[in-house]
Every structure is written in structure tokens, then in C-alpha cells.
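Residue-level listing of the chains:
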Amino acid sequence: MIDRASRFSGLWQKYLLSVSRIALIRGDFFSRSRASFFSLAILVVLFFSCRTPFDPEIPQTASQILVVEGYLDMQGTLSELKISRMSGLDSSQSPSPETAALIYLESSVGTKYYLEEDSEGRYLFQYNLGFDDTYRLFIELQDGERYQSAPLTPIQTPEIIDVGFLRDEEGVEIFLTTQGNENADDFLWGFVETWAYRPRIGTSYIYDASIGNVRDRFSDEQISICYKSASSPDILLETSSRFQDQVVFRQTITEIPENDERIMDRYSILISQMAIDEEASKFWEILKKNSNDIGSIFSPLPSLIRGNISHIDDPAIPVVGQVSLGVIRQKRLFVDLQDVTPWNFVDPQFNDCIVSAEAVYQVDYQRIFGSGDIVPVVPIMERTTIVAFYPTYRRCADCSLYASPILPDFWEED
Amino acid sequence: MNIFTRGILLILCLVSGLSYAQQTPNRISGFYPGVPFERFMEKIEEETTYRFFFKESDIKDLTVNLQANNDKLEDVLSQIFLPTDLKFSISKTGEVFISKGQKLTVDFPDSFFAQNEENQSEGMTSAQDEFVRNRRYVIGVPSGEGTTAKIRGQVLSLENSKPIQGAIVYDKITQAQTITNPEGRYELTVPKGNQTILIQNIGGYTEQRLVTIQGDGELNMSIGEGVFSLSEVVVRSGALTNISRPEMGVQSLSVQQMRKLPSVMGEVDILKGILTMPGVNTAGEASVGFNVRGGAADQNLILYDQNTLFNPSHLFGFFSSVNSDMVQGVELYKAGIPANLGGRLSSVLQVTPKLGRTDKIGGSGGIGPLTSRLSVEGPIGSKTTFIVGARMTYSDWLLDYLEDKADIGASRAFFADFNGTIQHQLNEKNILRFTGYYSEDEFQFDPDTVYSYSNQNFALSWTHYFNDQVEATFSAGQDGYDFQVQGEDNPLNSYRYNFDIRQRFVKAQFRQEKGDRHIFSYGIHSIWYDLNPGEIAPFGAESIVIPDDVAAEKALETSLFFGDEFEINEKLTVTGGLRYNLYGYFGPQTLPEYAPGQPNLPENIIGEKNYASGELAKSYHGPEFRFSGRYALTNWSSIKGGVNTMRQNIHLMSNSSVMTPTDTWKLSDPFIKPQRGIQYGLGYFHNLKNNSVEFSAEVYYRTMENLLDYRSGAKIVLNDRIEQDVLVTKGKAYGLELFLRKSTGKLNGSVAYTYSRSLMQTDPSEQKEQINRSEWYPSNFDQPHNANLVLNYELSRRINTTLAAKYSTGRPVTLPVAKFEYGGSERVYFGDRNSVRIPDYFRLDFSVNLEGNHKVKKTAHGSWSFGVYNVLGRDNPYSVYYIPEEGTLQGYKLSIFAEPIPFVTYNFRF
């Protein structure tokens, strides 16, 4: 129980951190004050307060609601629409995708632009359409249920003016600068982070059972540099008219805490900027509030979430989803370790990783390296021939155990 | 007793009732059915400043068998000692010496220190013997001029050295006479030579002094006060009032009762005391407000004397913002609100500040782990009294300590409050009083953002007694509340956000007795509201935050009221009242015009209208009725019924389940209508065991209109057009309240049980959004079962223990019912509003109050209060929520005080 309690308290701290970080990113004093009240109340009573798991009996009735998500690019960039059904809170599987639906965008004159099903529940859209028209999205599910969106007006998203980063005592802050205009006032940002991941011990050798010997790794066999990727779980929103000349200056996109793994070598972030209308902004705001601010001491009451999709035959059937049309503007930023040094990422789970001082001679190659759990690292040369290797455990040298060894095609080395 | 004396006594009572009533704390009251004399003495020492000195063997078998009603100790002791040969002497400082056979002389006779000065006086002599009466005082220096001389002086009570007002001082021969003023002072012109001055205190002996008048001089006298038992005209208060007063739904709590309650962090708290009453509950342990009979927290009018406190708490409700040392008592009107009070829908909490004592400068204070307080009070001159108090926290050390335990960053919290009252008696008919209150809270979670709020109140009131029947109080003052957030996280985004509210009020209130059966109260009450609903401004030179504000709001509210308490006959008393409320919303203001019949949404705006400064933009008016009646079934029981309607023109905009300091206020405008409510109640009141046990049962039903709820995603801060986010909501509440209180005896306390419901419904005509399909849903504070227990046990005079328990049904919450993926993360979908309840609440507190020894000579009387809050360590959930954890949503309940919390406080008075 004590263990459990301390674990909760740790999570608690993390949660607090994440809440305040979101608030910071938002830069909105209101949500910030909410988050902070939350924190303060905790601070005051931190010593006494506690949280314990709670599983109330909830009638599982609403779990079949349709969910629609998508920002469709009208300038030919491939974009996607996702449709799925909600699932019960207690179910461990992710919400079930809605497959084989017929989806199209219809212009005001009745031209239909069909979306193509990609993987389960994901439908692709790639058209170059006019911005002066209004459109409507239609969804017909496999079982014949029909849904439609409210009339949609595409918004020309302004270009991202600048992306950059700032090194301070807390770590690295990634920021973006853009400028809104009379059509594009509210912004939604998303990002995908990718970073190079190196194992504690690098090796360029591999034991090849077919030749019974150790050889150099081919480039598709390398395990010394891999790439991890993660997309933003946060909802980043800002209204440009809050600022002079609608300039959103150095909007925080994400913060990388000091000595984080992400900048152990080279880090890249692809930031997408999408202009949305006020209704959509409200939708995302509610979504964000409902996920970040649940049940804390001063949190607002949860809001009903709907969006701009409705059931054609029975409007009383709830649907959740806000579909927007516009342009997705993207910019990629790289941050190198040397840009931020000193930066000491140490993963304690590899602290026992050493290159063994006991050399493995060729006669033992098959016995030692055959299973793959131990890999050759440092060769021992006799004159010009390698006679043995100092080995290490594979978990210390193989980054592909933790990340993808394939170089992403956007990756640039400087 | 003849009719004449009765008449005099009645007048005396009226006079003392009308003028600022001087309490006689050293009078003895109580029923002693054969209690040991020792126990009797303990009781006396507890209730008065008398201290007994005796030989144990002398009083061993003595028992006391009498009923005293505000009697003097001398009379009581004389009666007790009548069958014995015990004698007693009382010194001027209140030491009572009991001796066998011979009376002790406890004070030196006057002549002992007699000096041959030109001004003779008795000083503070107390020995009431023949010597004083028969001694000849020489007054003044011989001078040839004139045949008369002026003598001045002060007449003091022998028992408590307080001035005696209204005593007649006269010369035996010439019958020249005068009456002492409220300070007991007199001035009399008498012929020179040997004279006899007589002092007739109403209801007391006639005293005499023999004087030789040589010239002008001073003669101070100490005389015995009344010798008649006052039992026949004692106005019964306290025990019987719950039966006899016509209003129902009124709960009183004295500071003494509050002191006994265990508290968080050892701080006596008026709001926590109120929460032990039936029909009062709170949304959680860390919430600012309280809920009365299913009403929201902003529907309570919290009056500190005449001033409205907008935020009644420090540190988010962990402490209430009123220093308990400065409070005489609190009265909560849940129903039966008198016509002279109004402006909120649910209740009025009247906090009566303490007035400074008149005898000497004294004070009290307390030292606790988080806070300390100090108050000083006393007279300034003979006509003015004052009391000032301060309270402050020094919680930083705790935060520092916590910082070692957990990473809480640069969090800081600070609060303080100051208040004071000065009362000045201009003359017998006029009293002036000034009351001021100031509080400040400041807190931050990181070095960059500072939050602060402050209450500022002051009022001046003048009470005038026209005659025995009519009195009036005129008051004027201002109530203010400020809130501010200052963010300096990034020089470019630094901002300052604030809102504030000022209300200036004038009130004239008359109270008139008409015959024996009517008491009228009537008057006028005006409030000028000046509200800045919120503004944000860049902070610092580099900031690019665009200033923004919501237009200031101004309104005038005037209420005319008339109430009558009419005693139809001994059994039936009714009070009725009418309060007519006029409300005007004034420019400068720019308001949109919405298409008729369309919801107030941006797309329905068809125009805009400008109102010049002072121009009336919208007015509302309507009557409020207050009626209640009492029918006495027997001497010990009565039934009461009542109905009252209320209006509220100022609304707290809050989108969270509890009241938070960021919640802003809003005035009624053309779109937000005044909240209205009506409440019906019926009650049965019964006293048992000679009024020592009170029982009451009340039922009520109320409906409310024009309540505010908010559509999804409503933004409350800096929202220019809040009507676009507001949902017109109706409310209803009903309940049963049972209350049992035993107020005397070694074991005393109270039990309260409430069954109540509080429901809300989006008005079916509301087009913006309908919460729960416009069905009735429980409000955030709908807690059907609620029970409170307070038990005091007096182990001895010095040790008093208290056990308090509280149980309530868990409050309703809105919980997620399904999950889905959106925006790159798992999200939750919420079910119907307030359809699930958090687990029930139960808490047990224990405290011990330890009085210091009772040595009179001590410079300060100290007492320790220690105990444990939440003895059982039950982790009562405050709220529940979900967090995505390793791919699934995990529900958690959050408890605030999940462990037993010990506390200790040292209190003192001097």
C-alpha cells in the first residue's frame, strides 16, 4: 500500500507538471489560473491530501457514439479523416474504427469529392479545391446510418513565419511565430517529434552465422542509431487577435526538460499549423478542458461536446466531431546536441552496460554470439587480423530494441 | 413589590434596553437543585470574575438549593449561608472570602488612607459600612464668596466599580437634585455648611453622605446597586426564543459555542460553526462558500455588521475571513428573513462584531501553527470604546517544509485581516459607530505569477433614540472586493488581470413599538453598484498583450421595507413584511439588440444601442413578501409557518462546482434577469427539561427562477457578452431539518439531521443548449442526507472536551461514460450532468480545551486548545476524475484531508 501510495504521489506530481505545462503552452492566463488553483490547493494540502483509485459503477450506455476527426487540406496536400466508435471506459482496447464507410465532400453545386479508405477507419483526401465555395461532408456507414456536417468554409491558413528554439535553465522550448488575418484568427497546432536514439554502446559488427564469423554490418543492419517518434498529445490553441497586429509571437509549442532523451543526439520537430473558425476553436477548447481539467478542486464542470456533425435521420443521436477545411502549413526544425550543450542524458537502465574485458575468441563466436543476446563490440587485432572481440549485451548496443533503425526520409544531417 | 417599583423597573429595563445595554456579567443565574456548594462555586467562577477563598472543612456538607435569576452574589450567598454560621466578604477585586463565625475585613476602611486634602472622596472604597455613611467629609477650601458651592463627582457601583447612570443625587434640606449621567457623573449646587447628601439609586437603597461644604469640590461615591431581585422582570432570552420568536429557520451561534468546536489548524472559524447547523452544507472541505437549503454559495448575504463581505474566506476556504476574536455571535437566517434584510436568494448570515469593553484596556489573541491573531479593546475616555484586531499567517515555513518533501516550487501564500469598531456615545440619545474591515490574500505557485484578492469594507452608523418607542439607525458605507492576477512568466506575455466591485450603501432603519402588541420596522436601503467585471493589461514595457476589458457596470438598487411583528394574543404572534425592490441598470453602456424571439447568440444581433452615462438601460422592480407566524401550543412548544420571497440582482459567475476567488460578479442587465425565489416552511419547536433541551423540526419547499448555468465551452472571464453563454435555469429545493440541542449540564451538544434535495432544470424555452435534455438534474450541492453531531463534555472547570461528527451523502458529479481518440490522445465523453455521486462523507473530530489556572493576578489568562481533525483518517473523497494511464483511463478520487491532522493553539486574553 505504501508503495502504491508513493507511486500515486509521483504520478500526481507528473500530472501537475503536465497540467501546468499545458497551461503555459496555451499562454492563456485563464486556463493557467485554473491549473494553478488546482496546483495551489494541492500544495496547501499536499501533506495531507491523497488520491486513491476509484471505480464507480457507470451505466455503459453512451459507448456507441460516432466520433469524426479531420482537417482536410484544400490545396492538394494529403490529409485524412478518421471515424470510429467510442468504447467503454473499462475496456482496454482502443476505440473501434468504423470501416467501409462512404464519405464525400460535396460542394455547393453538388460536386462530390470522395475520400478513399486507407487503413481501418482512416480515409484519405487529396483535392485541390476553391476557397470561395462552401462544402458539406457526408458520411454513410456500412449499416446505412447517415451523417452530415454543417456547411464548411475553407480557411486559408497563413504561412508559419518562423520556428525556433530557446535554451534556458529549464531545458529547451520550441516556439513558433505566425500572424493571423481577418479570415484566419484562431489557430490549432500539432506536431510530430522525431529524434535520433543511440544505444549506450555502439557497434558496427555483427556475427553472421552463415559465414560463422563476425563481419561489418551492412547499412540496413546498423543498430547504432535509431529514430524515435511521437506525436503531440496536447491540444495547442491560440487566438491571434489577442495580440497586436495579430502576431502570435514565439508561441510555445513544446518544452523539452533539461537532459531529456530527445536531444541525446539530434532532434526534429514537424509543426503543423491549421487555421480554424471560432466554432472549431470552441470545440477544441472543450475537448482540451474535458481532458486536462477533470475533477480537480477548482476545475470547471465538464462540458457537453458535440461539434459540427449530425445524424441526418435522427438529430437527437449524439455525434462527436469537428471537421474543418483549410490548408495545413508545416515547418520542420532540427535541434542538435551541440546547440544545447551541456545536456547530459543518462538512462539509468543502461548504467550497468560495459564492454566486457573478457574477450571472445573466434572459436567461441557461435557459442557466445549465436543466440544474439551478446554482440561483438571492440575487435582485438593481431597485426591486421581480428582474432577476438570484447562483447557486450545486446540490450546495451542494439537501439532497434527501442526504436526504429530506419532513417526517416525527411531526416537531414547538418 | 408594589406597582410603583414595577413601573420603575420596567422603565429601567427599557432604558437599559434602548441605550446600549450594559451587561452585568457578575450577576448570578441558574437553577441549583441541591448541588454541592463546591460545584456551585466552580460554576460561579466560570461565569463571573468572582474567585472564592475558603477553608474546605467549612463548606464540606453545604448544598445549594435555589434558583437565581440575574441576582447579586451577595444576595445569593446570604440566602445560602442563612442556616449556617458562615460569613462572607467580597473584596472590590471580586475575591470572595468565606469564613466561619466572623466576617473578614477585606478592604481597608477609607480613613485608613485618609489624607487631609481639599478634595475628599471615597476613592474606590467598597466597604459598605456605617463608617462611610456617618463619616463627615469636608469638601472644598473655605472661601468667603457666596453661600452656595458646587460639588461634582462620580457615582460608581460598589459591586463592579462601573458608573451608575440615573441615580438621583440630592440635598436633604433644599431638595436640590440632579441625576447622574451615563458615566455616573453629577454636579449639584448646595448651600455651604453641614449638609446631608442623599443618593437614590433606582431600585436600590438610599445612601447618605454627611458633608461639610466649605467651597467647590469633588465627592465621589460608591454605592450598592439594586437589592431587589430582578427575577420577575427578566426578559427571557436564549432558551425560549426558539419557541417564542415568530420567525423560523433562524440559527444562532455564539463565539463560545464555536470555540468548543474542533477546527482545522486550530483556528476558530465561524463558517465551520455554521456548518454544524441543519440545512447548511458545503460542496467540499476546500470550498469558499456554503450552501443553505439547496441554494448556491453566492445566494448567501454575509453581513459583517452592516457590510457585505464578498469573499468570506482566506486561502480558498481553509479559513474564514472573519477573526473570531472580533465576533460576538453569528445568526443565520435560512428563512424568516426580516424585511430589513435582502438582496440574496437563500440566506443572510449576520455576523455581529464585538464592541470594545468599557472597564479597561484588554485584549485577546492566539498563536497557532499557521496563524496568529491579536485584538485589543477598551475605553477611550468615558464615552468611547474601541476594539481592533489583526490576524496574519506565516505559512511560509510550512511551505518550505513541504518543499523539502515535494517539489512545490516557489509557492507562497499569505493572508491577513484587520478590523475594528469604534463606538462613541454622543449623549443618551445618540450613538455613533464606525466599523472597518480589511483583508488581503496573496499567493503564488511559481515566481512569475502572483494572485491576490482583498475585501475592503467600512461603515458609519448613527443610532438615535427619539423616545421610548422609536429608534432609528442611519448608516452609510462602502463594500469593496478586488481580485488580481499578475503574470510575468515571459516579458512579452506579461499581463495583469483584475476585477473589482464597489458598492456604496445608505440605509435608514426605524424600529417603533406601537402599543404592547406591535413592533414596526421600516426604512429604506439603497445600494449603488460599481462593477469592473474584468480587464487585462500588458505588464511591463516589453509586453505585447493587448489590453482588453469588459465594460464597467453600474446599477442602483433601492429597497423600501416595512415589517410588523404583531402579537395577536399570547399564543399567536405573526410577523409580516414587505420589501419593494427597485433596480436600475445604468449607462454608460453599449448593449446589443437581439432579434426578438431568438436566442441571445452573436448571429442574432440586429443592432446596438448606446446608453449615455447615467442613462437608465433597464429597470426591474418587484415586491418581496416575508410572512411568518407562531402559535404557542404550550409554554414549551409552538408551531410556526412562513413564506418568503427574495430577489437577487447580483450574480456570481462560476463554472466550477465550488466558489473560487476567480469567479467574477455580474449585475442584472437587460438579458440577465434578477434571480427570484419563494420559500414555504413549516416547523414544530419543543423545549424540554426546563429549556435545557431544545428540539425543532422544520420542512421547507422552495422554487427559484432565473438561475444561471452555462452552455458548453462557456468562457466566464473577460466575456463581454455573457448572456450568449448563459442558460436560463430554474431550481427547486425541499427538505426536512431536525435539530436537538442540550445547552447545559456537563454533557451538552447538538444533533442535526437534514434530508434535502436541490434540483435544477434548464428552462425548456432555452434554445442555446439544454442540459440533460431539460430534465431536472441535481445541483452540485445536492446532498440528500446530512447529519451533524457535536458533543461537549466538561471533565472539570478547566478541561472541556468536544467530539464532532459529520456525515453527508456524496455530492453529485458528472463523470465520463465512454472514451474515444481525438487530437492524438485518448479522450473521455461525459455522461449526463451530475448523474453519479462521489462516496459518502464522514468525519470525526476531537478537541480538548485546557484552561489555564484561575489566579486573578496573572497578567494574561491563557488556554490551550488541541485536538485532531479527522480522527479516523478517513479519506473522504473531495472529487473524482480520470487520467489516461498506460493506455487506459484510471479513475481516481481525491481526498483533501485524508489523514488525522493534529493541531494545537494557544489562546490568551488580558
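Points about the overall build of chain B
At step 1: In terms of helices and strands, chain B carries 8 helices and 57 strands.
At step 2: Within chain B, counting contacts between residues at least 6 apart in sequence, those at least 24 apart form 63% of the total.

Thoughts on the overall build of chain A
At step 1: A tally of helices and strands in chain A yields 6 helices and 25 strands.
At step 2: The buried share of chain A, reckoned over its 414 residues, is 42%.
At step 3: Across chain A, contacts joining residues at least 24 apart in sequence account for 67% of those joining residues at least 6 apart.

What about the confidence of the model for chain A?
At step 1: Of all residues in chain A, 82% have pLDDT values of 70 or greater, and the mean over the chain is 82.
At step 2: Scored below 50 in pLDDT, residues 1-48 of chain A makes 77 contacts in the model with residues more than four places away or belonging to other chains.

Quick notes on the nonpolar core
In a soluble, globular protein the nonpolar side chains are often hidden away together inside.
At step 1: Counting 96 residues, the largest nonpolar core has Val67, Val68, Leu81, Leu188, Trp189 and Ile253 of chain A together with Tyr829 of chain B as its most contacted members.
At step 2: Among the elements that line this core, the one with the most residues is strand S13 (residues 186-197) of chain A, at 7 residues.
At step 3: The residues contacting Val68 of chain A, other than those within four sequence positions of it, are Leu81, Ile83, Ile139, Ile309, Val319, Gly321 and Val323 of chain A.
At step 4: With 54 residues, the next largest nonpolar core counts Leu261, Val280, Phe290 and Ala752 of chain B among its residues.

Observations regarding helix H2 (residues 37-47) of chain B
All names here are of chain B.
At step 1: For H2, every residue scored as buried is listed here: Phe37, Phe40 and Ile44. Axial view of H2: buried residues confined to an arc of 55 degrees, hence all on one face.
At step 2: In this fold, the buried residues of H2 make contact with strand S1 (28-36) and strand S3 (63-71).

With respect to the sheet that holds strand S18 (residues 247-257) of chain A
All names here are of chain A.
At step 1: Read across the sheet, 3 strands follow the order S11-S12-S18 without closing on themselves; strand pairing throughout is antiparallel. Among the strands making up the open sheet, the edge pair consists of strand S11 (160-168) and S18. Looking at each pair of strands side by side, their axes are set apart by 20 degrees on average, direction ignored.
At step 2: Pairing geometry for S11 and strand S12 (residues 171-179), over 8 bridges, is antiparallel. Its bridge partner being in S12, Gly164 is matched across the sheet by Phe175.

Considerations on the sheet that holds strand S9 (residues 177-179) of chain B
Within a sheet, neighbouring strands are paired by backbone hydrogen bonds and run either parallel or antiparallel to one another.
Residues and elements named next belong to chain B.
At step 1: Strand order across the open sheet formed by 5 strands is S6-S12-S11-S8-S9, with mixed pairing between neighbours. Two strands in the sheet have a free side with no partner beyond their single neighbour: strand S6 (136-139) and S9. Averaged over all adjacent pairs, the angle separating strand axes in this sheet is 25 degrees, with direction ignored.
At step 2: Where strand S8 (residues 168-171) meets strand S11 (residues 193-200), 4 bridges bridge the pair, whose relative direction is antiparallel.

As for the pairing of strand S15 (residues 213-216) of chain A
All names here are of chain A.
At step 1: Where strand S14 (residues 205-208) lies against S15, 4 bridges are found, and the strand directions are antiparallel. Bridging across to S15, Tyr207 finds its partner in Val214.
At step 2: Where S14 folds back onto S15 in an antiparallel hairpin, the turn is made up of 4 residues, including Gly212, whose phi is positive at roughly 65 degrees.

Here we look at helix H3 (residues 73-81) of chain B
At step 1: Listed as buried for H3 of chain B are Val76, Leu77 and Ile80 of chain B. Seen along its axis, H3 of chain B keeps its buried residues to an arc of 95 degrees; they face one direction.

Points about the confidence of the model for chain B
Residue and element names in this part refer to chain B.
At step 1: Averaged over all residues, the pLDDT of chain B equals 81, while 86% of them reach at least 70.
At step 2: Contacts from residues 1-24, a stretch scored under 50 in pLDDT, to residues over four places away or in other chains number 20 contacts.
At step 3: Segment residues 113-129 is flagged for pLDDT under 50; beyond a separation of four residues in sequence, or across chains, it makes 35 contacts in the model.
At step 4: Scoring of the predicted complex yields 0.67 for pTM and 0.77 for ipTM.

Some details on the environment of Val255 of chain B
All names here are of chain B.
At step 1: The residue Val255 is located in helix H6 (residues 255-260) in this model.
At step 2: Accessibility expressed as a C-beta count within 10 Å gives 18 for Val255, which makes it partly exposed.
At step 3: Through-space distance from the C-alpha of Val255 to that of Gln328 is 6.1 Å; in sequence the pair is 73 residues apart.
At step 4: Apart from the residues lying within four places of it in its own chain, the contact partners of Val255 are Ser324, Val327, Gln328 and Gly329.

Observations regarding the environment of Asn467 of chain B
At step 1: Counting through the fold element by element, Asn467 of chain B comes out in the loop between strand S29 (449-465) and strand S30 (470-487).
At step 2: Separated by 45 residues in sequence, Asn467 of chain B and Gln512 of chain B place their C-alpha atoms 9.5 Å apart.

A short note on the environment of Arg306 of chain A
Residues and elements named next belong to chain A.
At step 1: The residue Arg306 is located in the loop between helix H3 (278-292) and strand S20 (309-311) in this model.
At step 2: Separated by 23 residues in the primary sequence, Arg306 and Phe283 have C-alpha atoms spaced 7.5 Å apart.
At step 3: Those residues within four positions of Arg306 in sequence are excluded, and the remaining contacts are Pro318 and Val320.

A short note on unusual backbone geometry
All names here are of chain A.
At step 1: In this model, Thr341 is joined to Pro342 through a cis peptide bond whose omega is 0 degrees.
At step 2: The residue Pro342 is located in the loop between helix H4 (337-340) and strand S23 (360-361) in this model.
At step 3: Positive phi is not limited to glycine here, since Ala100 has a value of about 55 degrees.
At step 4: Within the secondary structure, Ala100 sits in the loop between strand S4 (87-88) and strand S5 (102-107).

What counts and how
- Residues numbered from 1 in each chain as written.
- Chains lettered and ligands numbered in written order.
- Predicted model: local features only at pLDDT ≥ 70, side-chain atom pairs only at ≥ 80, totals over all residues.
- Helix = DSSP H or I, 4+ residues; strand = E, 2+ residues; numbered from the N terminus.
- Contact = placed C-beta atoms within 7 Å.
- Buried ≥ 20, exposed ≤ 12 C-beta atoms within 10 Å, placed from the backbone.
- pLDDT = per-residue confidence, 0-100.
- Core = buried A, V, L, I, M, F, W, Y, C linked by C-beta atoms within 7 Å.
- Arc of directions from axis to C-beta.
- Pairing = 2+ DSSP bridges.
- Axes fitted to C-alpha atoms, helices over the stretch in contact; angles between N-to-C directions.

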